[in-house]
Each structure stands twice: as C-alpha cells, then as structure tokens.
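# Analysis of the macromolecular model
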Amino acid sequence: RRKEMAQRYSSTSVFASTIICGECGGVYGAKVWHSTDKYRRTVWQCNNKFKEDHRCTTPHLYESEIKELFLKAFSKLMDVREAIIDDCRLVQATLGDQTELDTQAQAIIEEMEMTAELIRRCVDENTLKVQNQAEYVERYECHAARYEKLKRQLEGIETERQSRKEKFDLIGSFITTLEKQGTELEEIEKL
C-alpha cells in the first residue's frame with residue numbers, strides 16, 4: 001500500500017498515512033499547534049497545504065474529531081460485520097475462480113506452439129531450398145513478432161493471476177481480522 005501511494009510513511013499514529021485529501025489526493029499529517037503553551041493541540045492537515053506549486057484548500061481536522069468519526073465508522077462496520085464478511089467471501093470466490101484465465105492461457109500456449117512450429121518450418125525451408133532472402137526475413141519476422149505478442153499476453157495473464165491471488169489473500173486477512181475483532185474498542189485513547 002505504501003508503494004502504491006508513493007508517499008513516505010510515518011508510524012507516529014494509527015491515522016498516519018491513512019487520511020487522504022479529497023481535493024488533491026495528498027496525505028494528511030499531524031501538526032502540533034502552540035507546542036510550548038497551554039493551548040497545545042494536534043491538528044491534521046493536508047501535507048500539500050502550503051506547498052509552493054499547489055496550495056491545498058482543505059480544512060484541518062482536530063484529532064478528537066478524527067477519533068470520533070473513526071468510532072462512528074467502526075460502530076457501523078460492526079453493525080453489518082456479518083454481511084461484509086459474506087460479501088468478502090463472495091469476492092474471494094470470484095477472485096479464486098481462475099477458469100477463464102486458465103482457458104485463455106491454454107489457448108495462447110497452443111497458438112504459441114503453432115507459431116513456434118511455423119518459425120521452425122520457415123527456418124528449415126530456408127536451409128533446404130534457395131529462396132528470396134527478403135521474403136524469408138519478412139515471413140520469419142512476422143512469425144517472431146506474433147510469438148512475442150503472444151508471450152506478452154501470457155505474461156499479462158500471469159500478472160493478473162498474481163494480482164488476484166494478492167487480493168484474495170488481502171481479503172482473507174481482512175475477514176480474519178474482522179472475525180476476531182470485538183464489537184467495542186477498549187483502548188481508544190491510545191489511538
């Protein structure tokens with residue numbers, strides 16, 4: 001997730017690198033106001049708020065507001081936990097069904113084998129009989145280009161297969177966490 005966001009990660013708070021600005025897509029960060037006096041408080045604001053090239057206009061948020069909103073969201077999540085788990089399992093079943101990818105991969109492999117055979121025949125013909133070399137090179141390069149295109153398609157299917165597996169595992173982890181989670185948070189002050 002950190003790599004996808006291409007942002008630095010800070011683990012100073014559970015909310016670090018998780019609040020995304022609705023205006024510019026930047027990450028909200030904690031800022032301390034009045035750090036040396038009795039009015040000290042932590043606010044969260046978009047890290048792009050005062051950048052030279054783009055000044056984000058989204059408002060800051062107080063940490064107490066974030067905690068309150070988090071608790072409301074958590075409560076709503078717990079109210080529909082079983083439905084969410086059922087939905088996640090359906091998504092997992094869809095991601096786990098790789099029949100279509102298997103069929104596509106098999107068709108590509110068969111076509112690659114036929115194309116490789118055409119390349120072999122083309123080379124054999126050139127060694128056995130005299131022919132126009134420009135025509136031979138053109139035919140050979142056409143077959144070779146087709147083979148490379150099929151190879152890239154097969155690699156794309158393998159990439160999709162891996163992506164689905166990663167999503168399947170991530171959803172499984174989410175389900176496990178949700179099943180283990182109690183309906184109340186006991187240590188909200190540590191957030």
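See the structure shown above.
Now for a look at the structure at hand. (Residues numbered from 1 in each chain as written. Predicted model: local features only at pLDDT ≥ 70, side-chain atom pairs only at ≥ 80, totals over all residues. Heavy atoms only, no water.)

### So, the pairing of strand 2 (residues 41-46)
Selection criterion: Strand pairing is assigned whenever DSSP identifies at least 2 bridges connecting the two strands. The numbering of helices and of strands both runs from the N terminus, where a helix is a DSSP run of H or I of at least 4 residues and a strand a run of E of at least 2.
Pairing of strand 1 (residues 28-33) with strand 2, which is carried by six bridges, proceeds in the antiparallel orientation. Each residue of the ladder has a partner; that of Gly29, found in strand 2, is Gln45. For strand 2 and strand 3 (residues 61-62), the ladder comprises two bridges, and the chain directions are antiparallel. Note that in strand 3 the partner of Val43 across the bridge is Tyr62.

### Quick notes on the packing of helix 4 (residues 99-128) against helix 5 (residues 133-180)
Keep this limit in mind: Helix axes use the C-alpha atoms of the stretch in contact, all axes being lines fitted to C-alpha atoms, and the angles between their N-to-C directions lie in the range 0 to 180 degrees. We call two directions roughly parallel when the angle between them is under 35 degrees, roughly antiparallel when it is over 145, roughly perpendicular when it lies between 65 and 115, and oblique otherwise. If you view the pair so one helix is near and one far, a crossing is left-handed when the near helix is turned anticlockwise from the far one by less than a right angle, and right-handed when it is turned clockwise. The classification used treats Ala, Val, Leu, Ile, Met, Phe, Trp, Tyr, Cys and Pro as nonpolar, Asp, Glu, Lys and Arg as charged, and all other residues, Gly among them, as polar.
Between helix 4 and helix 5, the least distance of the axes is 9 Å, while the angle of their chain directions is 160 degrees. Between helix 4 and helix 5, the angle is such that the two are roughly antiparallel. Here the hand of the crossing between helix 4 and helix 5 comes out left-handed. When grouped by side-chain class, the residues that make up the contact of helix 4 with helix 5 number 17 nonpolar, six polar and nine charged.

### Re helix 3 (residues 81-96)
Quick reminder of the rule: Helices are assigned an expected span. That span is 1.5 Å times one less than the residue count. Only protein chains enter the accessibility calculation, which uses a 1.4 Å probe. A residue is then buried if its area is under 20% of the maximum for its type, exposed if over 50%, and partly exposed in between. What the arc measures is the spread of directions leading from the helix axis to the C-beta atoms. Residues count as neighbours in contact if any of their non-hydrogen atoms are within 4.5 Å of one another.
Taking 1.5 Å as the rise per residue, helix 3 with 16 residues should run 22 Å; its terminal C-alpha atoms sit 22 Å apart, in good agreement. For helix 3, every residue scored as buried is listed here: Arg81, Ile85, Cys88, Gln92 and Leu95. Considered in projection along helix 3, the buried side chains sweep an arc of 80 degrees and stay on one side of the axis. Within helix 3, the exposed residues directed more than 90 degrees away from the buried face are Glu82, Leu90 and Thr94. Each element contacted by the buried residues of helix 3 is listed here: helix 2 (63-79) and helix 5.

### Some thoughts on the packing of helix 3 against helix 5
Between helix 3 and helix 5, the shortest axis-to-axis distance is 9 Å and the interhelical angle comes to 160 degrees. What the angle tells us is that helix 3 and helix 5 run roughly antiparallel. Every pair of crossing elements has a handedness; the one defined by helix 3 and helix 5 is left-handed. Within the contact between the two elements, helix 3 uses Arg81, Ile84, Ile85, Cys88, Arg89, Val91, Gln92, Thr94, Leu95 and Gly96 and helix 5 uses Arg164, Lys167, Phe168, Ile171, Gly172, Phe174, Ile175, Leu178 and Glu179. Counted by class, the contact of helix 3 with helix 5 contains 10 nonpolar, four polar and five charged residues.

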